[in-house]
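# Architecture at a glance
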Amino acid sequence: MINLAMGPNPLWMLEDLAENLDLRPGMRILDLGSGKGATSVFLAREFGARVVAADLWIAPEDAAAVFADAEVGDQVEAVRAEAHALPFEEESFDAIVSVDAFEYFGTADNYLPYLVRFLRSGGQLGMATPAMTREVRELGAIPPHIKDVVGWEAIAWHTAEWWRFQWAITELVEVTSARLQQDAWHDWLLWTEACAEHQPDGRSANQPVIDMLTADGGEFLSFALVTARKN
């Protein structure tokens, strides 16, 4: 997992998110923003799913090597894809899952209507994304300890209730859960400290995030876990 790390531990988020999903063997699942492939391996191993691992930044051949090493190469297909130009047929997935990626492409008002086109009727959608306990617009500014590390990107870190409204108002899906992950900031801190200890140049790369999370202490930072079913 250390070798596949690109941020917070994605499996800690996905395992919790999956409690609100009904994932079963043989389902075709799109792992959107799959990174180096840890979440796709998890979906294939734990649920017996057929997974399409779609990411813009990770070369498909690199992801395929991870899947082969994990002995799920026959279940997982790696695809390079941009989230606003997905190369798939409409209504071709039973579920779409996105872990620690949705904040980069999914906050626009018209994104959910685009994305659900690729879900079959009754298909499930689940995402985990960095979140705030209060909206930045409500606070009037990005808290300094967060701004120093992530800058303006924090305005895309919304509350769970913001996501609930954003999805439900479309009437395209029924939101089945929208919650902040319990003790998410602490899990994030534990994982970042592990990466700092074990990754090459890990201390210099991870110390700013460690400092941010330590200063926050759970006041503002969390993860939003949101699930829905297509109407």
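Report follows, based on the coordinates. (Residues numbered from 1 in each chain as written. Predicted model: local features only at pLDDT ≥ 70, side-chain atom pairs only at ≥ 80, totals over all residues. Heavy atoms only, no water.)

### Re helix α8 (residues 160-168)
- Buried within α8 we find A160, W163, Q166 and W167. All buried residues of α8 fall inside an arc of 125° around its axis, so they share one side. (Buried < 20%, exposed > 50% of the residue type's maximum accessible area, 1.4 Å probe, protein only. Helix = DSSP H or I, 4+ residues; strand = E, 2+ residues; numbered from the N terminus. Arc of directions from axis to C-beta.)

### A short note on the pairing of strand β7 (residues 221-230)
- Of all 10 residues in β7, nine are buried, a share of seventy percent or more.
- Where strand β5 (residues 119-132) meets β7, nine bridges bridge the pair, whose relative direction is antiparallel. Counterpart to L125 in the pairing with β7 is A228.
- In this sheet, β7 lies alongside strand β6 (residues 173-180) in antiparallel orientation, the contact comprising seven bridges. Bridged to A178 within β7 is V226. (Pairing = 2+ DSSP bridges.)

### With respect to the pattern of salt bridges
- A complete count under the given rule lists six salt bridges for this structure.
- Notably, a salt bridge pairs D22 with R24, separated by 2.8 Å at the nearest N-O pair.
- Since its relative accessible area comes to 30%, D22 is described here as partly exposed.
- A salt bridge links D94 to R120, with the nearest nitrogen and oxygen atoms 2.8 Å apart. Residue D94 is located in strand β4 (residues 93-99), and its partner R120 is located in strand β5; the two are separated by 26 residues in the primary sequence. (Salt bridge = Lys/Arg side-chain N within 4 Å of Asp/Glu carboxyl O.)

### Observations regarding the layout of surface pockets
- Roughly 910 Å³ of volume is contained in the largest pocket.
- Forming the walls of the largest pocket are 42 residues, and the residues nearest its centre are M6, D100, A101, E103 and Y104.
- Here the lining of the largest pocket is composed, by residue class, of 26 nonpolar, 10 polar and six charged. (1 Å grid on protein atoms, 1.4 Å probe; cavity = no way out; pocket = protein on both sides within 12 Å on 5 of 7 lines; lining within 4 Å. Points joined across faces, edges and corners; volume = space filled by probe spheres on them. Nonpolar A, V, L, I, M, F, W, Y, C, P; charged D, E, K, R; others polar.)

### Some details on empty space enclosed by the protein
- All chains considered together, the criterion is met by two cavities of 30 Å³ or more.
- Approximately 60 Å³ is the volume attributed to the largest cavity.
- Along its surface, the largest cavity is lined by P8, N9, W12, M13, Q181, A184, D187, W188 and F223.
- Those elements that provide at least two residues to the lining of the largest cavity are α1 (10-17) and α9 (184-198).

### With respect to the nonpolar core
- If you look at the biggest cluster of nonpolar residues, it comprises 46 residues, and the most contacted ones within it are L23, I29, L43, V97 and I146.
- Sorting elements by how many residues they give to this core places helix α2 (residues 38-47) first, with six residues.
- With near-sequence residues (within four places) excluded, V97 lies in contact with L14, L17, L21, I29, L30, D31, L32, L43 and G126.
- Ranked by size, the runner-up nonpolar core spans 33 residues in total, among them L30, Y114, A160 and W167. (Core = buried A, V, L, I, M, F, W, Y, C linked by side-chain atoms within 4.5 Å. Contact = heavy atoms within 4.5 Å.)

### Describing the packing of α1 against α2
- Two elements in contact, α1 and α2, have axes whose closest approach is 9 Å; the angle formed by their N-to-C orientations is 40°. Taken together, the axis directions place α1 and α2 in an arrangement best described as oblique. Of the two elements, α1 crosses α2, and the hand of that crossing is right-handed. For the pair formed by α1 and α2, the contact residues are P10, L11, L14 and E15 on the first element and A38, T39, F42 and L43 on the second.
- For the contact of α1 with α2, a count of residues per class yields six nonpolar, one polar and one charged. (Axes fitted to C-alpha atoms, helices over the stretch in contact; angles between N-to-C directions. Parallel < 35°, antiparallel > 145°, perpendicular 65-115°, else oblique. Left-handed = near helix turned anticlockwise from the far one by under 90°.)

### Thoughts on the pairing of β4
- Along β4, six of the seven residues are buried, which leaves the element largely enclosed by surrounding structure.
- Bridge count between strand β1 (residues 28-32) and β4: three bridges; the pairing is parallel. Paired with I29 across the two strands is A95, which belongs to β4.
- Across six bridges, the pairing between β4 and β5 is parallel. Bridged to A95 within β5 is Q124.

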